[in-house]
Amino acid sequence: MTETNYSHFPYLPHTEEDRQEMLKKIGVRSFEELVKHIPDGVRAEKLDLRPGLSELELTQHISALASKNTSTSKQSSFLGGGSYRRFVPSVVPSIISRSEFATAYTPYQPEVSQGSLQIIYEFQTAVCLLTGMEVANASMYDGPTACAEAALMAARLNSRQKVIASRSVNPEYRMVTQTYLNSCGLIYECSEQVSQDGLTASEKLNIDQDTAAVIVQYPNYFGLFEDVESVAKAAHDAGALLVVVTDAIAMGLLTPPGLFGADIVVGDAQPCGNSLSFGGPSAGFMACRKDFVRQLPGRLAGMTVDNRGNRAFTLTLQTREQHIRRAKATSNICTNQALNALAMLVYLTMMGPQGIKQLASISLQRANYLADKLAKIAGVKLLFTPFFNEFAVALEQPVDHVLEQLKQRGILGGLALKQFYPELDNALLVAVTEMNSVEELDRYAAELAAVLGKSKTRAASGKETALPV
């Protein structure tokens, strides 16, 4: 930018008089004179930018770009693996779009942040009720980082070096946790193969006196119901803690992990009032036993009374300096995901316990309905049971080919498991939510049967080779 083209940037706050006054104060006559000492080889070349567009033109241009994408609302989506297409009631965006919430920052000054502090407090309460734990913190970045923070928290609590993650924990949670542990000089351990039944066998975990925590998922990545109680006993007998990754919607039907002996429970807010939105943003949640509250990362909002005796909310048990204490802090979290956490809170409040239970029941029933139909198709094998709203199937045909054929028919058929589980190289993870009508389930089964039938025809003619399960 030079002094000759300032007029092309009308959004800049300084007038020409302001700029001249600044240049005079510096002791130069122009912007070019100010930067002439910078070698030409260092200066950036002039950007080859198109002329600016009007608001109407820009809107049309962006719309044209967006039209190249096909949203999940235009397809039948059976994608899952941690991010789910669930219905977002209109009350959620209506409330979170209010300016006092959408623009709110960290509520360090309680006297002017009562609204933000109250929603954080209520969010913590909702998380405790869902998980069966005693205390929860303000929102984390997302589920995977919440899991990593839980592992670090466990290492601080019992001064041990090793964290064991079950192979059936969401691979993205495991990868983020491993990255955090490696950067802190801690040991990460995970089994190399999925067990035959897809579940965690506590006796096969390498739990010893150096184990800080064991991480399991409930329901696990394959939608299965882990025996959390037995894993908790094995961990506690060795002096280790149990971290449970869970799904908030599933808690409408299942016994909360806290009642099975979990020490720390984490998860992601995305299924509760947060749209897929190209993968983010979301929020994580974390709850633990009350004894561990001093090592809880992030923020904690508490309820008290002010000097007039009225109910008041404030950040508690830590000062602002906690977040800038570098290595001495419990976490590097500085800005929480309060808006996404609020979306989860509004969603849970509107649904209520009975609504969450009904939603979980619908997801479970429809998933099992689809699994039964798929299992009757030649070339499809149901791998693990029983499950919640996700299940794994093995195909006799190449999974990438099948998914591509389904996509051409307007169906996002699921996730290929081979990316994270090479031993399941021709398997598919299918997720079902309330957004998948019975008609969609029937159509999925019919289209998959058609795809597999055509694949077999081509294989028989020598144009394609069927792969064994």
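Residues numbered from 1 in each chain as written. Predicted model: local features only at pLDDT ≥ 70, side-chain atom pairs only at ≥ 80, totals over all residues. Heavy atoms only, no water.

K.L.:
What is the right way to look at the overall build of the chain in this model?
P.N.:
Helix and strand content of the chain: 12 helices and 15 strands. Its C-alpha atoms give the chain principal-axis dimensions of roughly 80 × 65 × 45 Å. When burial is assessed residue by residue, the chain has 46% of its 469 residues classed as buried. Excluding contacts between residues fewer than 6 apart, the proportion of contacts in the chain whose partners are at least 24 apart in sequence is 73%. As displayed, the chain has an accessible area near 24000 Å², and 53% of this comes from carbon and sulfur atoms. The chain carries 43 positive and 48 negative side-chain charges, and their two centres are separated by 1 Å. (Helix = DSSP H or I, 4+ residues; strand = E, 2+ residues; numbered from the N terminus. Buried < 20%, exposed > 50% of the residue type's maximum accessible area, 1.4 Å probe, protein only. Contact = heavy atoms within 4.5 Å. Areas by Shrake-Rupley, 256 points an atom, 1.4 Å probe, with all protein chains shown as cover. Lys, Arg positive; Asp, Glu negative; His and termini not counted. Charge placed at Lys NZ, Arg CZ, Asp CG, Glu CD.)

K.L.:
For this particular structure, what's the right way to read the side chain of Asn220?
P.N.:
Residue placement: Asn220 occurs in the loop between strand S5 (211-218) and helix H9 (228-237). The buried category is assigned to Asn220, whose relative accessible area is 2%.

K.L.:
How should the pattern of salt bridges be read in this particular structure?
P.N.:
One side chain can pair with another of opposite charge once the charged atoms of both are near each other. A complete count under the given rule lists 15 salt bridges for this structure. The salt bridge involving Arg29 is made with Glu33; its shortest N-O contact spans 3.6 Å. Here Asp442 makes a salt bridge to Lys373, at a shortest N to O gap of 3.7 Å. Here Lys373 lies in helix H10 (residues 338-375) and Asp442 lies in helix H12 (residues 438-460), a separation of 69 residues in the sequence. Connected via shared salt-bridge partners are Lys162, Glu189 and Asp208. (Salt bridge = Lys/Arg side-chain N within 4 Å of Asp/Glu carboxyl O.)

K.L.:
Whenever I open this one, helix H6 (residues 114-131) confuses me. Can you help?
P.N.:
The α-helix advances 3.6 residues per turn, and as a result positions three or four apart in sequence lie on the same side. End to end, H6 covers 26 Å across 18 residues, agreeing with the expected 26 Å (1.5 Å per residue, within 8%). Every buried residue belonging to H6 is among Ser116, Leu117, Ile119, Ile120, Phe123, Gln124, Ala126, Val127, Cys128, Leu130 and Thr131, and all of these are buried. At the C-terminal side of H6, Gly132 shows a positive phi close to 75°. (Expected span 1.5 Å × (residues − 1).)

K.L.:
Looking at this structure, I do not really get the sheet that holds strand S8 (residues 284-288). What am I missing?
P.N.:
Pairing between sheet strands relies on hydrogen bonds along the backbone, with the strands arranged either parallel or antiparallel. Taken in spatial order, the seven strands of this open sheet run S2-S8-S7-S6-S5-S3-S4, and their pairing is mixed. Because the sheet does not close on itself, it has two edges, and the strands there are strand S2 (135-136) and strand S4 (187-190). One ladder, built from two bridges, connects S2 with S8; its direction is antiparallel. Across the sheet, residue Ala136 finds its bridge partner in S8, namely Ala287. Its contacts with the sheet put helix H7 (residues 143-158) on strand S3 (162-165), S5, strand S6 (241-246), strand S7 (264-268) and S8, and the angle it makes with S7 is roughly 165°. Along the sheet, H9 makes contact with S5 and S6, crossing S6 at roughly 150°. (Pairing = 2+ DSSP bridges. Axes fitted to C-alpha atoms, helices over the stretch in contact; angles between N-to-C directions.)

K.L.:
Honestly, the packing of H7 against helix H8 (residues 171-183) in this entry has me stumped. Any pointers?
P.N.:
The relative placement of two packed helices is expressed as an angle between their axes plus a distance between the axes. For the pair H7 and H8, interaxial distance at closest approach is 8 Å and the crossing angle is 45°. When the axis of H7 is compared with that of H8, the two are oblique. As H7 runs across H8, the sense of the crossing is right-handed. Of the residues in H8, those in contact with Gly143, Pro144, Thr145, Cys147, Ala148, Glu149, Ala151 and Leu152 of H7 are Glu172, Tyr173, Val176, Thr177, Tyr180 and Leu181. Taken together, the residues of the contact of H7 with H8 sort by class into nine nonpolar, three polar and two charged. (Parallel < 35°, antiparallel > 145°, perpendicular 65-115°, else oblique. Left-handed = near helix turned anticlockwise from the far one by under 90°. Nonpolar A, V, L, I, M, F, W, Y, C, P; charged D, E, K, R; others polar.)

K.L.:
What is the right way to look at the environment of Val393 in this model?
P.N.:
Assignment of secondary structure puts Val393 in strand S12 (residues 390-395). Sequence-wise, Val393 and Cys147 are 246 residues apart; in three dimensions their C-alpha atoms are separated by 27 Å. Excluding residues that lie within four positions of it along the chain, Val393 makes contacts with Val380, Lys381, Leu382, Leu383, Asn426, Ala427, Leu428 and Val430.

K.L.:
What exactly am I supposed to notice about the packing of aromatic side chains here?
P.N.:
In this description, a pair of aromatic rings is defined by centroid distance and the angle of the planes. The full count for this structure, using the stated rule, is eight aromatic pairs. Summarising the aromatic geometry, the rings of Phe222 and Phe384 are spaced 5.3 Å apart at their centres and angled 55° between planes, so their arrangement reads as tilted. Placement of Phe222 in the loop between S5 and H9 and of Phe384 in the loop between strand S11 (380-382) and S12 is noted, with a sequence separation of 162 residues between them. Residue Phe222 is classed as buried on the basis of its relative accessible area, which comes to 1%. Judged by relative accessible area, which is 6%, Phe384 ranks as buried. Note on Phe222 and Tyr421: the rings are 5.1 Å apart at their centroids and 55° apart in plane angle, and the pair reads as tilted. Of this pair, Phe222 sits in the loop between S5 and H9 while Tyr421 is found in the loop between strand S14 (415-416) and strand S15 (427-431), placing the two residues 199 residues apart along the sequence. Members of the aromatic cluster, connected to one another through ring pairs, are Tyr221, Phe222, Phe384 and Tyr421. (Phe/Tyr/Trp six-rings, centres within 6.5 Å; stacked < 30°, edge-to-face > 60°.)

K.L.:
Looking at this structure, how should I read the environment of Gln397?
P.N.:
Residue placement: Gln397 occurs in the loop between S12 and helix H11 (399-408). Among the residues examined, Gln397 registers a relative accessible area of 1% and is labelled buried.

K.L.:
Help me out: how do you make sense of the packing of H6 against H10 in this one?
P.N.:
For the pair H6 and H10, the least separation of the axes is 9 Å and the interaxial angle reads 60°. Viewed along their axes, H6 and H10 adopt a mutual orientation that is oblique. Here H6 runs over H10; the crossing is left-handed. Each of Ile119, Glu122, Phe123, Ala126 and Leu130 in H6 lies in contact with H10, whose residues at this interface are Ala341, Leu342, Met344, Leu345 and Leu348. The class makeup of the residues in the contact of H6 with H10 is nine nonpolar, no polar and one charged.

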